[in-house]
Amino acid sequence: MDGAPPPASPAGLSAYVAVSQLLGLTLLATTGAWLGRYRGGVAWHSPLQFNVHPLCMVLGMVFLQGDALLVYRVFRHEAKRSTKVLHALLHGLALVIALVGIAAVFESHRTKGIPDMYSLHSWCGMATFVLYLLQWLLGCGFFLFPGASSSLRGRYKPQHVFFGIALFALSIASCLLGITEMLLFNIRDSYSQFVPEGVLANTLGVLLLAFGLVVCYVLTRDEWKRLPLAEELALSMDFKTLTEGESPGSSSQ
């Protein structure tokens with residue numbers, strides 16, 4: 001009915017989303033504290049250029065990617081088109097920031113004469129980024145831009161959802177590998193003595209895991225999934241009729 005307030009969010013959803021954002025901001029602050037206090041900070045044209053890499057990857061591939069995944073849970077009563085655009089924009093921003101981080105590490109390695117792409121972290125990280133880019137391009141092609149039929153979207157959607165969560169998990173795993181690699185390069189001899197830098201970096205790893213677990217929990221609760229609005233169901237029927245030539249009342253799923 002016009003003027004009626006939107007239905008309330010499911011019980012517990014707001015609390016879990018708030019916890020995820022608190023964890024996300026805390027892990028960003030922890031990353032900044034680690035790089036600022038123990039690694040000298042960040043700068044582009046300097047020996048500190050490498051530090052741009054972990055900062056960008058945590059910000060883009062973890063925090064922003066996680067928030068992009070939560071868009072359909074948070075904006076439950078907004079127009080589907082607006083939600084799709086926000087979902088795509090956040091993922092796109094995450095990709096741009098991650099690309100800056102990748103460029104930083106390659107340029108830093110070139111300046112210092114360090115070989116590229118030899119470690120497990122680099123293999124996993126690059127594979128995750130490439131697959132994430134492909135996921136974003138396919139998602140835009142199938143769901144954001146017109147052209148794909150309703151049945152084609154329906155067949156692709158389960159793969160899109162699965163790989164969205166899987167790539168988020170792979171991003172966190174790659175970050176954990178990178179943190180360990182960075183610690184072993186810089187404090188190999190004192191790491192086992194619980195030095196403050198090692199404890200802070202380990203804490204960052206725990207925060208990454210906690211953020212990932214909370215986001216994935218929200219995403220996998222069936223009762224927290226966004227339900228289509230009444231007008232969206234009508235538009236979906238019209239779109240299916242136009243693209244597949246079916247009568248709106250001919251079948252139901």
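See the structure above.
Residues numbered from 1 in each chain as written. Predicted model: local features only at pLDDT ≥ 70, side-chain atom pairs only at ≥ 80, totals over all residues. Heavy atoms only, no water.

Draft legend 1. Quick peek at the overall build of the chain. If you tally the helices and strands in the chain, you get seven helices and zero strands. In the chain, the succession of α and β elements from N to C terminus is α-α-α-α-α-α-α. Looking at the chain as a whole, 40% of its 253 residues are labelled buried. Taking the contacts inside the chain whose residues are at least 6 apart along the sequence as the reference set, 74% of them involve residues at least 24 apart. Here the chain has roughly 13900 Å² of accessible surface; of this, 70% comes from carbon and sulfur atoms. (Helix = DSSP H or I, 4+ residues; strand = E, 2+ residues; numbered from the N terminus. Buried < 20%, exposed > 50% of the residue type's maximum accessible area, 1.4 Å probe, protein only. Contact = heavy atoms within 4.5 Å. Areas by Shrake-Rupley, 256 points an atom, 1.4 Å probe, with all protein chains shown as cover.)

Draft legend 2. Quick look at the pattern of salt bridges. Inspection of the entire model under this criterion finds three salt bridges. In this structure, the salt-bridge partner of Arg221 is Glu223, at a minimum N-O distance of 2.5 Å. Judged by its relative accessible area of 21%, Arg221 is partly exposed. Taking the shortest distance from any N to any O, the salt bridge between Asp222 and Lys225 comes out at 3.3 Å. (Salt bridge = Lys/Arg side-chain N within 4 Å of Asp/Glu carboxyl O.)

Draft legend 3. Looking closely at the packing of aromatic side chains. Counted under the stated rule, the structure contains nine aromatic pairs. On the basis of an interplanar angle of 45° and a centroid distance of 6.4 Å, the ring pair of Phe142 and Phe143 is categorised as tilted. Of the residues examined, Phe142 reaches a relative accessible area of 18% and is grouped as buried. Both rings, one in Phe168 and one in Phe211, keep their centres 6.1 Å apart while their planes meet at 70°; by these two values the pair is edge-to-face. Here Phe168, found in helix α5 (residues 150-187), pairs with Phe211, found in helix α6 (residues 196-220); they are 43 residues apart in sequence, far enough to count as distant. In this structure Phe168 comes out as buried when scored by relative accessible area, which is 1%. (Phe/Tyr/Trp six-rings, centres within 6.5 Å; stacked < 30°, edge-to-face > 60°.)

Draft legend 4. Geometry of the environment of Pro196. Among the secondary structure elements, Pro196 is positioned in helix α6. Sequence separation between Pro196 and Trp34 is 162 residues; the distance between their C-alpha atoms is 9.8 Å.

Draft legend 5. Here's a closer look at a nonpolar patch on the surface. A cluster of nonpolar side chains, Val74, Phe75 and Leu86, forms an exposed patch at the surface whose accessible area comes to about 210 Å². Mapped onto the elements, Leu86 comes out in helix α3 (residues 80-112). (Patch = residues over 30% accessible without salt bridge, like charges linked within 9 Å, V, L, I, M, F, W, Y side chains within 5 Å.)

Draft legend 6. Up close: the nonpolar core. Core analysis: the largest hydrophobic core is formed by 47 residues, its most contacted members being Leu27, Trp34, Val62, Phe168, Ile179, Leu208 and Phe211. Counting only elements with at least two residues in this core, the list comes to α1 (13-38), α2 (52-74), α3, α4 (120-144), α5 and α6. A total of twelve residues in this core trace back to one element, the largest contributor, which is α2. Beyond its immediate sequence surroundings of up to four residues, Phe168 is in contact with Met61, Val62, Gln65, Gly66, Leu69, Phe211, Gly212, Val215 and Cys216. (Core = buried A, V, L, I, M, F, W, Y, C linked by side-chain atoms within 4.5 Å.)

Draft legend 7. The packing of α2 against α4, seen in detail. At a minimum axis separation of 13 Å, α2 and α4 run at an interaxial angle of 45°. Taken as axis vectors, α2 and α4 run oblique relative to one another. The handedness of the crossing between α2 and α4 is left-handed. Contacts between α2 and α4 involve His53, Met61 and Gln65 from the first element and His121, Thr128, Phe129 and Tyr132 from the second. (Axes fitted to C-alpha atoms, helices over the stretch in contact; angles between N-to-C directions. Parallel < 35°, antiparallel > 145°, perpendicular 65-115°, else oblique. Left-handed = near helix turned anticlockwise from the far one by under 90°.)

Draft legend 8. Inspection of the environment of Tyr16 at higher detail. Here Tyr16 shows up in helix α1. C-alpha of Tyr16 to C-alpha of Val214: the two residues are 198 residues apart in sequence and 6.9 Å apart in space. If we skip the residues at most four places from it in the chain, Tyr16 touches Val214, Tyr217, Val218 and Trp224.

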